[in-house]
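Chain by chain, the residues:
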Amino acid sequence: KALKLMVTGGAGYVGSVCAARLIEAGHDVTVVDDLSTGHADAVHPDATFVEGDAAEVAQRLLGDGFDGVLHFAAKSLVGESMTDPAKYWEGNVLTTLRLLEAMRDHGTKRLVFSSTAATYGEPESSPIPETAPTQPTNTYGATKLAIDHAITSFSRAHGIAAVSLRYFNVAGAYGSFGERHTTETHLIPLVLQVATGDRERIQIFGDDYPTADGTAIRDYIHVVDLADAHLLALRHAVDGEHRIYNLGSGTGFSVLEVIEACRRTTGHEIPAAVAPRRAGDPSVLVASSEKAGEELGWKPERTDLDGIVADAWAFTQSRQAV
Ligand code: UFG
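Here's a quick rundown of the structure.

Analysis parameters
Residues numbered from 1 in each chain as written. Predicted model: local features only at pLDDT ≥ 70, side-chain atom pairs only at ≥ 80, totals over all residues. Heavy atoms only, no water. Pairing = 2+ DSSP bridges. Helix = DSSP H or I, 4+ residues; strand = E, 2+ residues; numbered from the N terminus. Axes fitted to C-alpha atoms, helices over the stretch in contact; angles between N-to-C directions. Contact = heavy atoms within 4.5 Å. Near = heavy atom within 4 Å. Polar contact = N/O pair within 3.5 Å; in protein donor to acceptor, adjacent residues only side chain to side chain. Salt bridge = Lys/Arg side-chain N within 4 Å of Asp/Glu carboxyl O. Buried < 20%, exposed > 50% of the residue type's maximum accessible area, 1.4 Å probe, protein only.

Concerning the sheet that holds strand E11 (residues 242-247)
Right, so step 1: Taken in spatial order, the 7 strands line up as E3-E2-E1-E4-E5-E6-E11 in an open sheet, and their pairing is parallel. Either end of the sheet is taken by a strand with one partner, and the two such strands are strand E3 (48-51) and E11. Along the sheet, successive strands turn relative to each other by an average axial angle of 20°, direction set aside.
Right, so step 2: The pairing of strand E6 (residues 161-167) with E11 spans 6 bridges and is parallel. Among the inter-strand pairings, valine 163 is bridged to a residue of E11, identified as arginine 243.
Right, so step 3: In the packing of helix H5 (residues 139-158) onto the sheet, contacts are made with strand E5 (110-116), E6 and E11, and the angle to E5 comes to roughly 155°.
Right, so step 4: Across the sheet, helix H7 (residues 223-236) lies against strand E1 (4-8), strand E4 (68-71), E5, E6 and E11, angled at about 160° from E6, the strand it touches most.

Listed below in structure tokens is the structure:
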């Protein structure tokens, strides 16, 4: 059944890809974005676009027959969250609290929220299940965890069918929708900037981790697989329950393996230099997505690292031409 959906942060990376997949599945999508980090030209042409604060717009428009909200809008730079915590407690926690109040006020019954692996902090074991202790090591993760707790309370009290999806390392692109942060901190887009000549070399943050090649290991999930999990979450959400799922491909790749994949895909030598570890980086972060498989019927299909990098590279090259 076609749903009328509000997509906050739909001008951002994951939000724009998800909006595209929702529209292609026949849903009626309203994108809400304040364009603080998103891009107006990343809003899908078939979406209704409202520029503004997610909570304010939700309070104003949710009464208009919306079936649900997909809440992507957030501040998401780990480093900045440590130096400017107010921006994160306000922008993430307060905004989402107001959004939940708007949902309560208007009786909006479905929510899918972008949570993160950063809610777990330094894991005790690998892969990480949803039952792992949540001890975030940065403010970004702490704010996302606080929101998860608020969602649990609101879903119980007000009968909201809520799902939090804890993303691991999102990568890749979907045609003209991809990753284009003004402040880029993520590994794959930075490595590709070396291939386009916009950056001289990639720094490897630490080569003395307890891993096979000494560099840190992450679980890269293709943004399209991730977006499709949102569609399944919408379908399987249960009234009055808040369910939480980890989403990753289930395989870890080291920083060196990622750089190698980028070299293969781009044909560029991509000079790399070892630099000190980045503060707060765990050595290994790999998801167990078993629960999402069992309860949502989700199965990542784009798990090949070279394929993920190839999609990101095609997107990067298309942006070069703009
Ligand atoms: N890295 C480098 N050089 C760089 C950039 C990154 O070596 O120039 C390394 C990092 O140290 C890390 C790996 O590449 O080991 C991946 O780093 P990213 O910044 O791409 O991603 P993170 O794993 O740090 O962050 C991801 C999400 C965050 C989330 C976090 C959870 O992007 O939003 O996982 O810990 F908070």
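Resuming the write-up.
Here we look at the site of the ligand
Right, so step 1: As a structural note, the neighbourhood of the ligand is formed by 20 residues, with His186, Gln203, Arg218, Arg278 and Asp281 the closest of them.
Right, so step 2: The separation between an oxygen atom of the ligand and a polar side-chain atom of histidine 186 is 2.8 Å.
Right, so step 3: Looking at the shell around the ligand, the elements that each hand over two or more residues are helix H6 (187-196) and strand E8 (202-205).
Right, so step 4: Of all the elements, E8 adds the most residues to the shell around the ligand, at 4 residues.

A closer look at the sheet that holds strand E12 (residues 253-254)
Right, so step 1: Strand order in the open sheet made by the 3 strands is E12-E9-E14, with mixed pairing throughout. This sheet does not close on itself; its edge strands, each paired only once, are E12 and strand E14 (284-285).
Right, so step 2: When strand E9 (residues 217-218) meets E14, the two strands line up parallel, connected through 2 bridges. In the sheet register, isoleucine 217 faces E14, and the bridge partner there is valine 284.

Considerations on the pattern of salt bridges
Right, so step 1: Applying the stated criterion across every chain, the model contains 14 salt bridges.
Right, so step 2: For glutamate 200, the salt bridge goes to arginine 201, with nearest N and O atoms at 3.8 Å.
Right, so step 3: Judged by its relative accessible area of 63%, glutamate 200 is exposed.
Right, so step 4: Between arginine 243 and glutamate 295 there is a salt bridge, with its nearest N and O atoms 3.9 Å apart. Within this pair, whereas arginine 243 is found in strand E11, its partner glutamate 295 is found in helix H9 (residues 290-296), the two being separated by 52 residues in sequence.
Right, so step 5: On the accessibility criterion, arginine 243 (26% relative accessible area) is partly exposed.
Right, so step 6: Judged by relative accessible area, which is 35%, glutamate 295 ranks as partly exposed.
Right, so step 7: When salt bridges with common partners are traced through the structure, they connect Glu241, Arg243 and Glu295 into a single cluster.

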